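Secondary and tertiary structure notes
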Amino acid sequence: MKQSKMWVWLLVLSLGALLFASPRVRDVAQEAVYPSANARLWFERTVGVRARAFFSRARQGARNDQLARDVARLQVVEASADALGAEVDRLRAILDFKPSVPGQWIAAPVLSRGGTSAVWQSVRLGKGSLQGVAKGAPAIIPDGVVGRVTDVSPHTCEVMLISDPNSRVACELETPGEGVGTVRGILFGGGSRSADDPHLTLLYVVDPLRLRYLDRDFTPPPRTRVVTSGLGLTFPKGLTIGYLLESKLESNGLSREASVVPAADLTALETVFVLTGGGPHAP
Amino acid sequence: MRLDPNLPVVAACLFAAACAQELVPAPPQAPVKAVFLTAVGLYFALTRPVAMALTVLVWAGALTDALGGLPLACTLTFLMTVYVGVRLLQRAFLEATVFQGTLLVGCVSVVQVVWTRLWAHAGGPLFSWETLVRLEWALPVGMAAGFVGFAVCGLADRLSGNVRPVKESDGVLWAETNR
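These numbers were taken from a predicted model, which means no experiment stands behind them.

1. Quick look at the overall build of chain A
Along chain A, the regular secondary structure elements total three helices and 12 strands. Among the 283 residues that make up chain A, the fraction classed as buried is 41%. Of the contacts formed within chain A by residues at least 6 apart in sequence, a portion of 62% connects residues at least 24 apart. Within the structure as shown, chain A displays about 15900 Å² of accessible surface, and the carbon and sulfur contribution to it stands at 59%.

What follows is the structure, given as structure tokens:
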């Protein structure tokens, strides 16, 4: 076959593959790059850690002492938690109540952030469908909610961060006050900073999230904790999302809108926990 | 059937660029990634015939979009548009040297940020202060990617034997006559 003709055929096949099997192409591309991303993680966690330890042995010793103390303290906490867990199980058995979040959380390393323009919108994790991760599964860190899984390949998954303008999370305010009742709203991703915002010094930071459709008659105090309400069927109830900064009436006057700072530091994610196996997101 | 010797070079360069683009983090001052795949695409656009160049550009664009979480036609259509411009410039002065490649990818990287912003725009103002900072950083980061991309692709071409030095029997280059 003439070689230029071969490239024409290759071009046609490439365009055909992109037209008719674009999700598959995306999966294959992510899986192809996965070993190199994983190798970098492995290198950082084995060679990098040892190299740093070599150069700062004294600091490591102090850190080890601190960790040993933390482990002892956590063992005490765990012992009391076991007792509390047993009591909760007993009370659930009495009430015939099933836990709201069956399944378990698996730790997934952050392989990379999104590409050319999607730096704040998504992260790629090193666990995929082979480890039980499913589309729609919530992703959290101990500080708070990170986002939810939007795309899964066998070894990786994409997580849309709560800072993505397309992100929507059903939320409520924690303990809004006596006689107020539950105050619920929908949390929108921050998106771009508005043009009239004078805070030009804030570069390369996550914009505050917008909590909309709150009760107009209740003015929530600043620093109120915002938690998931569990109504969106993606996130289980009670996960911390962020803290309220300020609120104002929406332009139509029917509801209140608040700005919320995320509890999780989305700029420094290293390990993220993903809910697997029959969480609230499961069909 | 004899395998085209360009095929392994193209595949290796695209794969290496995809890994590099995925692994090299954005600079801490601005969320701009080094566009290694664009650099590889432009190198082959300048050095290869149309069908091969377009195939490489299609895959460079598709990989950028697939790995960057963008719509799958975003960078692909951008690179196709750039290819037309590059071909026109190539008639006038543009060559696949490392120096010119560095400048070219730097400029294309800036336009790519604007293109991607227009394509993946979701709410809020189209252009903000953050976009300006990103544009400012796109030039040096793109130039770095262009330098690495053109240098590595040129090296791969020479090592694979796809590009051979001009033999004396082929005559003397005009550039050599003034020495």
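2. Re the overall build of chain B
Along the backbone of chain B there are six helices and zero strands. Helices and strands in chain B line up, N terminus first, as α-α-α-α-α-α. Counting over 179 residues, chain B shows a buried share of 47%. Across chain B, every contact between residues at least 6 apart in sequence was considered, and the portion connecting residues at least 24 apart equals 69%. Just so you have it, chain B exposes about 8600 Å², and 70% of that area is on carbon and sulfur atoms.

3. Section: the nonpolar core
The tendency in soluble globular proteins is for nonpolar side chains to be buried as a group. B:Leu14, B:Leu42 and B:Phe44 are the most contacted members of the largest nonpolar core, which has 56 residues in total. Looking at this core, the elements with two or more residues in it are helix H1 (3-20) and helix H2 (22-55) of chain A together with helix H1 (6-23), helix H2 (36-47), helix H3 (50-68), helix H4 (74-92), helix H5 (98-119) and helix H6 (129-160) of chain B. Here this core takes 12 residues from H3(B), the largest share from any one element. Those residues in contact with B:Leu42 that sit more than four places away from it in its chain are B:Leu57, B:Val82, B:Val86, B:Leu104, B:Val105, B:Val108 and B:Phe150.

4. Here's the deal with the environment of B:Leu103
Along the chain, B:Leu103 turns up in helix H5. Judged by its relative accessible area of 37%, B:Leu103 is partly exposed.

5. Some points on the packing of aromatic side chains
Following the criterion strictly, the structure yields four aromatic pairs over all chains and no others. Aromatic pair B:Tyr43 and B:Phe44: ring centres 5.3 Å apart, planes at 90°, arrangement edge-to-face. Overall, the relative accessible area of 5% leaves B:Tyr43 in the buried class. For B:Phe44, a relative accessible area of 0% puts it in the buried group. Each residue in the set B:Tyr43, B:Phe44 and B:Phe150 is aromatic and connected to the rest through ring pairs, giving one cluster. One cation-aromatic arrangement involves A:Arg212 over A:Phe188; the distance from NZ or CZ to the ring centre is 5.2 Å.

6. Re the pattern of salt bridges
Inspection of the entire model under this criterion finds eight salt bridges over all chains. The residue A:Arg184 makes a salt bridge to A:Glu172 at a minimum N-O spacing of 3.2 Å. Here the residue A:Arg184 occupies a position in strand S7 (residues 184-188), and A:Glu172 occupies one in strand S6 (residues 168-173), the gap between them amounting to 12 residues. Look at A:Arg184 and you get partly exposed, because its relative accessible area is 40%. One network of salt bridges, in which partners are shared, links A:Arg124, A:Glu158 and B:Glu22.

7. Focus: the sheet that holds S7(A)
The strands that make up a sheet pair up through hydrogen bonds in the backbone, lying either parallel or antiparallel. Residues and elements named next belong to chain A. One closed barrel holds the six strands; their spatial order is S6-S7-S8-S11-S10-S9, and the pairing between them is antiparallel. Strand-to-strand twist of the sheet, defined as the mean angle between neighbouring strand axes without regard to direction, takes the value 40°. In the sheet, S6 pairs with S7 via five bridges, with the strands oriented antiparallel. Bridged to Glu-172 within S7 is Arg-184.

8. Examining the packing of H4(B) against H5(B)
Each pair of packed helices can be summarised by the angle the axes make with each other and by the distance between the axes. Residues and elements named next belong to chain B. Packing of H4 against H5 leaves a shortest axis separation of 10 Å and a crossing angle of 140°. One way to sum up the angle between H4 and H5 is to call them oblique. In this structure, the crossing between H4 and H5 has a hand that is right-handed. Taken together, the residues of H5 that come into contact with H4 (itself represented by Cys-74, Thr-75, Thr-77, Phe-78, Thr-81, Val-82 and Val-86) are Leu-104, Val-108, Val-111, Gln-112, Trp-115, Thr-116 and Trp-119. Considered class by class, the residues forming the contact of H4 with H5 number nine nonpolar, five polar and no charged.

9. Re the pairing of strand S11 (residues 256-262) of chain A
All names here are of chain A. Where burial is concerned, most of S11 is hidden: six out of the seven residues are buried. In this sheet, S11 lies alongside strand S8 (residues 209-214) in antiparallel orientation, the contact comprising four bridges. Counted as the bridge partner of Arg-210 is Ser-259 from S11. Both strand S10 (residues 240-249) and S11 contribute to a ladder of seven bridges, which runs antiparallel. In the sheet register, Glu-246 faces S11, and the bridge partner there is Ser-259. Counting the residues between successive antiparallel strands, the hairpin from S10 to S11 contains six residues, one of them, Gly-253, with a positive phi of roughly 75°.

10. Some thoughts on the environment of A:Ile162
All names here are of chain A. Along the chain, the position of Ile-162 falls in the loop between strand S5 (157-161) and S6. Distance in space between the C-alpha atoms of Ile-162 and Gly-147 is 4.9 Å, their sequence separation being 15 residues. Non-local contacts of Ile-162, meaning those with residues more than four positions away in its chain, are made with Val-145, Val-146, Gly-147, Ser-167, Val-169, Gly-189, Gly-190, Leu-209, Ile-241, Pro-262 and Leu-266.

11. Describing the pairing of S5(A)
All names here are of chain A. With five of five residues buried, S5 is to be regarded as a mostly interior element. What you see with S5 is no split at all: Cys-157, Val-159 and Leu-161 on one side and Glu-158 and Met-160 on the other are buried throughout. In the sheet, strand S2 (residues 122-125) pairs with S5 via four bridges, with the strands oriented antiparallel. Looking across to S5, one finds that Leu-125 is bridged to Cys-157. Relative to S5, strand S4 (residues 144-152) runs antiparallel, the two sharing five bridges.

What counts and how
Residues numbered from 1 in each chain as written. Chains lettered and ligands numbered in written order. Predicted model: local features only at pLDDT ≥ 70, side-chain atom pairs only at ≥ 80, totals over all residues. Heavy atoms only, no water. Helix = DSSP H or I, 4+ residues; strand = E, 2+ residues; numbered from the N terminus. Buried < 20%, exposed > 50% of the residue type's maximum accessible area, 1.4 Å probe, protein only. Contact = heavy atoms within 4.5 Å. Areas by Shrake-Rupley, 256 points an atom, 1.4 Å probe, with all protein chains shown as cover. Core = buried A, V, L, I, M, F, W, Y, C linked by side-chain atoms within 4.5 Å. Phe/Tyr/Trp six-rings, centres within 6.5 Å; stacked < 30°, edge-to-face > 60°. Lys NZ or Arg CZ within 6 Å of the ring centre and 35° of its normal. Salt bridge = Lys/Arg side-chain N within 4 Å of Asp/Glu carboxyl O. Pairing = 2+ DSSP bridges. Axes fitted to C-alpha atoms, helices over the stretch in contact; angles between N-to-C directions. Parallel < 35°, antiparallel > 145°, perpendicular 65-115°, else oblique. Left-handed = near helix turned anticlockwise from the far one by under 90°. Nonpolar A, V, L, I, M, F, W, Y, C, P; charged D, E, K, R; others polar.

The values reported here are purely geometric and, on their own, carry no functional implication.
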